[in-house]
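Coordinate inspection notes
In case you want the letters, here they are:
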Amino acid sequence: PLCSAALPFSVTDIQVIFAGVESCTSLALSMSNLLAAAARGECNVSSVFLDKWQQIEQVFSFYCSRHEASIARLSDMVARNPATSAFLRECADLSRRHTTAWDLPSLLIKPVQRVLKYPLFLRSIMECTEPHDPEYVQLQMALRQKEGVESRLNERKKRMDSVGHQGFEHPAAH
């Protein structure tokens with residue numbers, strides 16, 4: 001059984017594969033709570049994004065800069081270690097009772113997808129907001145901030161790709 005089996009990951013493997021996941025989770029929970037407060041009328045959606053844009057950029061920059069190394073480490077481990085492959089298959093089998101979208105690489109891409117959806121989310125709210133509403137201008141500002149974050153994340157990725165991930169080399173399996 002899964003619980004009694006030794007995990008086929010070293011501490012370093014876990015640090016590489018899950019680099020930044022805790023920060024993404026914490027930020028997602030905070031954003032969810034703040035957006036729920038906005039839905040209750042306690043604050044504006046735009047203020048949530050305007051107040052959090054620096055944290056969003058910091059958290060997702062870190063996560064996105066390490067995502068490729070994470071997937072590479074995971075792929076390497078699966079290819080070289082049958083115990084890792086078996087463990088991940090067992091996890092997938094157990095999780096199918098709860099979701100149809102489970103395999104670890106699919107879950108690890110979710111934070112990258114989330115940050116890219118924020119501008120779409122803001123645009124959809126803007127479509128439902130009257131242009132003369134003061135919130136509309138704030139939403140425009142938040143959208144510009146989010147598009148700037150997206151642009152800077154893309155630029156960082158291009159820069160990393162062009163320099164061969166210097167400083168983010170694929171760590172050897174332990």
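Here the structure is a predicted model, which means the values were calculated and not measured. (Residues numbered from 1 in each chain as written. Predicted model: local features only at pLDDT ≥ 70, side-chain atom pairs only at ≥ 80, totals over all residues. Heavy atoms only, no water.)

**A few points about the packing of helix H3 (residues 45-80) against helix H4 (residues 82-95)**
Using the following cut-off: Only C-alpha atoms enter the line fits that serve as axes; for helices the fit covers just the stretch in contact. Angles between N-to-C directions range over 0 to 180 degrees. Put simply, DSSP H or I for four residues or longer makes a helix, DSSP E for two residues or longer makes a strand, and each gets a number counted from the N terminus. Angle categories: roughly parallel below 35 degrees, roughly antiparallel above 145, roughly perpendicular from 65 to 115, and oblique for all the rest. We call two residues in contact whenever any of their non-hydrogen atoms come within 4.5 Å of each other. Amino acid classes used here: Ala, Val, Leu, Ile, Met, Phe, Trp, Tyr, Cys and Pro are nonpolar; Asp, Glu, Lys and Arg are charged; the rest, including Gly, are polar.
It is the contact of H3 with H4, at a shortest axis distance of 5 Å, that shows an interaxial angle of 110 degrees. Looking at the two axes, H3 sits roughly perpendicular to H4. Between H3 and H4, the contacting residues are Leu74, Met77, Val78 and Arg80 on the first element and Pro82, Thr84, Ser85 and Leu88 on the second. Across the contact of H3 with H4, the residue classes tally to 5 nonpolar, 2 polar and 1 charged.

**Looking at the confidence of the model for the protein**
Applied cut-off: On a range of 0 to 100, pLDDT expresses the predictor's confidence in each residue.
With 85% of its residues at a pLDDT of at least 70, the protein reaches an overall mean of 84. Mean pLDDT values over the elements of the protein span from 78, in helix H6 (residues 134-163), up to 95, in helix H2 (residues 21-39). In this model residues 165-174 is a low-confidence stretch, pLDDT under 50, and it forms 20 contacts with partners more than four residues away in sequence or in other chains.

**Side note on the pattern of salt bridges**
Operational definition: Any carboxyl oxygen of Asp or Glu that lies within 4 Å of a side-chain nitrogen of Lys or Arg is treated as forming a salt bridge with it. Throughout, exposure labels follow a simple rule: accessible area from a 1.4 Å probe, protein chains only, divided by the maximum for the residue type, with under 20% read as buried, over 50% as exposed, and the rest as partly exposed.
Scanning all chains against the criterion turns up 4 salt bridges. Glutamate 42 is the salt-bridge partner of arginine 40, the closest N and O atoms lying 2.8 Å from each other. Glutamate 42 carries the same exposure label as arginine 40, and that label is exposed.

**Focus: the packing of aromatic side chains**
Rules: Two rings from Phe, Tyr or Trp (for Trp, the six-membered ring) form a pair when their centres sit within 6.5 Å of each other. Planes less than 30 degrees apart are called stacked, planes more than 60 degrees apart edge-to-face, and all others tilted.
The tally for this structure, following the rule as stated, stands at 4 aromatic pairs. Each ring, one from phenylalanine 49 and one from phenylalanine 121, has its centre 5.9 Å from the other, and the planes form 45 degrees; the classification is tilted. Here phenylalanine 121 lies in helix H5 (residues 104-127) and phenylalanine 49 lies in helix H3, a separation of 72 residues in the sequence. Site record: aromatic cluster; members linked through ring pairs are Phe49, Phe60, Tyr118 and Phe121.

**Regarding the packing of H2 against H3**
At a minimum axis distance of 10 Å, the contact between H2 and H3 shows a crossing angle of 170 degrees. Comparing their axes, H3 and H2 come out roughly antiparallel. Contact with H2, carried on its side by Val21, Ser23, Cys24, Leu27, Ser30, Met31, Leu34, Leu35 and Ala38, involves Val45, Val48, Phe49, Lys52, Gln55, Ile56, Val59, Phe60 and Tyr63 of H3 and no other residues of that element. Residues of the contact of H2 with H3, tallied by class, amount to 14 nonpolar, 3 polar and 1 charged.

**Describing H4**
Worth spelling out the cut-off: Helix span, as expected, comes to 1.5 Å for every residue beyond the first. Two N or O atoms count as a polar contact when they lie within 3.5 Å, although within protein this holds only if one can serve as hydrogen donor and the other as acceptor, and sequence-adjacent residues are included solely when both atoms are side-chain atoms.
Its 14 residues place the ends of H4 20 Å apart at the C-alpha level, agreeing with the 20 Å of an ideal helix rising 1.5 Å per residue. If you follow the buried residues of H4, they end up packed against H3 and H5. N-cap assignment for H4: the residue whose side-chain oxygen lies 2.9 Å from the backbone N of alanine 83 is asparagine 81.

**Section: the nonpolar core**
Threshold: To define a nonpolar core, start from buried Ala, Val, Leu, Ile, Met, Phe, Trp, Tyr and Cys residues and group those joined through side-chain atoms within 4.5 Å.
If you look at the biggest cluster of nonpolar residues, it comprises 33 residues, and the most contacted ones within it are Phe49, Ile56 and Phe60. Contributing elements (two or more residues each) for this core: H2, H3, H4, H5 and H6. Beyond its immediate chain neighbours, meaning those up to four positions away, phenylalanine 60 contacts Cys24, Leu27, Pro111, Arg114, Val115, Tyr118 and Leu153.

**Some thoughts on a nonpolar patch on the surface**
Filter applied, for reference: A patch consists of residues exposed above 30% relative accessible area that lack any salt bridge, with like charges linked at up to 9 Å and nonpolar side chains (Val, Leu, Ile, Met, Phe, Trp, Tyr) linked at up to 5 Å. In these tables, accessible area is a Shrake-Rupley quantity obtained with a 1.4 Å probe, and a residue counts as shielded only by the protein chains included in the view.
The grouping of Leu7, Ile14 and Phe18 at the surface amounts to a nonpolar patch, some 240 Å² of accessible area in total. With a relative accessible area of 30%, phenylalanine 18 lands in the partly exposed category.

**Let's talk about the environment of leucine 153**
Within the secondary structure, leucine 153 sits in helix H6. The exposure class assigned to leucine 153 is buried, which follows from its relative accessible area of 9%. Leucine 153 has contacts with Phe60, Ser61 and Val115, leaving out every residue within four places of it along the chain.

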